[in-house]
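What the coordinates show
Here is how the chains run, residue by residue.
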Amino acid sequence: MTRLKTNDIREISSSLAEYDLQLQTATNKTLAGIAYHTWGADEAEWNSRINHFSIHVVPVTVGQGIITDFSETVCAILQFLGFDSRVTEQTDSSGIAEAFEKKADAIMMADDDRFVGINLHTREVVDNSAATGRAFAAALDLMATGIKDKSVLVIGCGPVGESGAKMLLHKGALVTLYDCRPEIALSLKKKFSHSFGPTRIQILDNLITQCQNYHYILEATPSKNTIPVELISDRLRIAAPGVPLGISKQNLDLLKDRLVHDKLELGVAAMAVNLILKKIPGD
Ligand code: PYL
C-alpha cells in the first residue's frame, strides 16, 4: 500500500464541493450517492440518520507516524457527507478511550498497515482497501450505466483491485485481470473461479499489445503511467483508486470526465456509509 503524503491530500478538504460536482458529471451521482451505490443501499432511507451518527477520527503515531492533515482530511470528508465527525484530542489508545467516553458511534484510524472504521455498537470493521476497491467499481458501474455483460480490465490485483474485481463480477461484468506479477493475477482468477465460474474471468498477458479492446478499466496499481496512450479513446471509462494515479497528464486531458480518481474521498465515504448501515442493536 502506498503511504500518502501531506501533499497528496492537502487540497482535498477545500475541494470537496467541486469534486462532488465532477463526480455527478462523470457518474450522475454525488460522493454520497456513489457510497450508497457501493453497498446497494437506499440513500433516501439512510441520509436522514447521518447527522446523528458520530464518527471520531483517531490519529495514530505508531510506525512512520502521523501524516499531517490525514485525520483532519478524513474528518472533513465525513463532515461534508453530513456525519457528526471530529478528530480526537488524544492520539492512539488515549484517542480510542476518548471516543468511547464521548459516546462515539464509530471510530476511524490508520496505522501503516490498515485504515479501518469500527462500529462501536456492532463491533463491525470496515477496511479502507476493500471499501475503496468496491467504491471505484461502483463508480465504473455508474459510468457504464450498468456494467453487466460488459468487459472490464482490472489492472492491479492487490487488495484494492481484488475488492473491485469482486464487485464487478457481482454486478455481472466480464472481468480480465492484469498484474505485473502474473502469478498474482492467476491466483486471483483461481480464487474467483470458485464463486463465479471460470468463464467470466480472463487473464491479460501483455498490457500494451492486448489492452486496446477494453472500454472500461479499473486501475488499482501503485505505479505511474500504467495506462498507455494507445488505450485512450472516446469510449474509454476509467475508475482509478491507484495511488499515485497511473495516468499521465497528457492522457488526463484527453479523458476529461471519463475518469474517476481520488486518493481518499470515495474510500472514506464508502467506509462511513458501511458503518451506518451496520444495524445498531435495537435499531
Ligand atoms: C489510507 C491511505 C490510502 C493509501 N495509503 C494509505 C496510507 O497512507 N496509510 C497510512 C496512513 C497513516 C496515518 C497516520 C495518522 O496520521 O494517523 N498513522
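Residue numbers here run from 1 along each chain, matching the order of that chain's written sequence. For this predicted model, a pLDDT threshold of at least 70 governs which residues receive local features, and a threshold of 80 or more governs which side-chain atom pairs are given and counted, while totals over whole chains, interfaces and linings are taken from all residues. The side-chain numbers reported here are obtained from all heavy atoms of the structure, hydrogens and water having been left aside.

**Regarding the nonpolar core**
Membership of the largest hydrophobic core comes to 74 residues, with the highest contact counts inside it found for Met108, Leu168 and Leu264. Ranked by residue count, the leading element in this core is helix 12 (residues 265–277), at ten residues. Each nonpolar core is a collection of buried residues, namely Ala, Val, Leu, Ile, Met, Phe, Trp, Tyr and Cys, held together in the definition by side-chain atoms within 4.5 Å. Relative accessibility thresholds used throughout: buried, under 20% of the residue-type maximum; exposed, over 50%; partly exposed, between the two (1.4 Å probe, protein chains only). Of all hydrophobic cores here, the second largest spans 18 residues; its members include Ile155, Ile217, Leu231 and Leu245. Helical segments are the DSSP runs of H or I of at least four residues, strand segments are the runs of E of at least two, and each set is numbered from the N terminus.

**Examining the side chain of Asp127**
Along the chain, Asp127 falls in strand 5 (residues 125–127). At 2.9 Å, the side chain of Asp127 forms a polar contact with the side chain of Arg114. Whenever two N or O atoms come within 3.5 Å, that pair is a polar contact, provided that in protein one can donate a hydrogen and the other can accept it, and provided that, for residues adjacent in sequence, both atoms are side-chain atoms. Among the polar contacts made by the side chain of Asp127, one reaches the main-chain amide nitrogen of Ala130 at a distance of 3.2 Å. In this analysis, two residues are considered to be in contact whenever any of their non-hydrogen atoms come within 4.5 Å of each other. Ignoring any residue separated from it by four or fewer positions in sequence, one finds Asp127 in contact with Arg114, Phe115, Val116 and Met271.

**With respect to the site of the ligand**
It suffices for a single heavy atom of a residue to lie within 4 Å of a molecule or strand for the residue to be listed as near it. For the ligand, the set of nearby residues contains 13 residues, the closest of which are Thr2, Leu4, Val60, Ile67 and Ala110. Interatomic distance of 2.6 Å between a backbone N/O atom of Thr2 and a nitrogen atom of the ligand. Where accessible areas are quoted, they stem from the Shrake-Rupley method and a 1.4 Å probe; at the residue level, only the protein chains shown are allowed to cover. Within the complex, 96% of the 470 Å² of free accessible area of the ligand lies under protein. Following the grouping adopted for this structure description, the nonpolar residues are Ala, Val, Leu, Ile, Met, Phe, Trp, Tyr, Cys and Pro, the charged ones are Asp, Glu, Lys and Arg, and the polar ones are all others, Gly among them. Of the residues in the shell around the ligand, the class split is nine nonpolar, two polar and two charged.

**A look at the sheet that holds strand 4 (residues 115–119)**
We call two strands paired when DSSP finds no fewer than two bridges between them. Taken in spatial order, the five strands of this open sheet run 2-1-3-4-5, and their pairing is mixed. Each edge of the open sheet is held by one strand with a lone partner, namely strand 2 (84–87) and strand 5. Strand-to-strand, the axes of this sheet are offset by a mean angle of 20 degrees, without reference to chain direction. Where strand 3 (residues 106–110) meets strand 4, five bridges bridge the pair, whose relative direction is antiparallel. Paired with Ile107 across the two strands is Ile118, which belongs to strand 4. Of the strands in this sheet, strand 1 (54–58), strand 2, strand 3 and strand 4 are in contact with helix 5 (residues 70–81), which crosses strand 2 at around 170 degrees. Sitting on the sheet, helix 6 (residues 92–101) is in contact with strand 1 and strand 3, with an inclination near 170 degrees to strand 1. Only the contacting stretch of a helix is used when fitting its axis, a line to C-alpha atoms as for every element, and angles between N-to-C directions run 0 to 180 degrees.

**Section: helix 8 (residues 159–170)**
When the terminal C-alpha atoms of helix 8 are compared, their 17 Å separation across twelve residues agrees well with the 16 Å that a helix rising 1.5 Å per residue should span. If you check which residues of helix 8 are buried, you get Val160, Gly161, Ser163, Gly164, Ala165, Met167, Leu168 and Leu169. Backbone geometry just after helix 8 places Gly172 at a positive phi near 95 degrees. A helix's residues, less one, multiplied by 1.5 Å, set its expected span.

**Here's the deal with the environment of Ala135**
Mapped onto the fold, Ala135 is located in helix 7 (residues 128–143). For Ala135, a relative accessible area of 0% corresponds to the buried category. The residues contacting Ala135, other than those within four sequence positions of it, are Ile34, Thr38, Leu266 and Ala270.

**Considering the sheet that holds strand 10 (residues 237–240)**
Pairing in this open sheet of six strands is parallel, and the strands run 8-7-6-9-10-11 from one edge to the other. This sheet does not close on itself; its edge strands, each paired only once, are strand 8 (201–203) and strand 11 (259–261). The mean angle between the axes of side-by-side strands here comes to 20 degrees, regardless of whether they run parallel or antiparallel. Pairing geometry for strand 7 (residues 174–178) and strand 8, over three bridges, is parallel. Counterpart to Leu177 in the pairing with strand 8 is Ile203.

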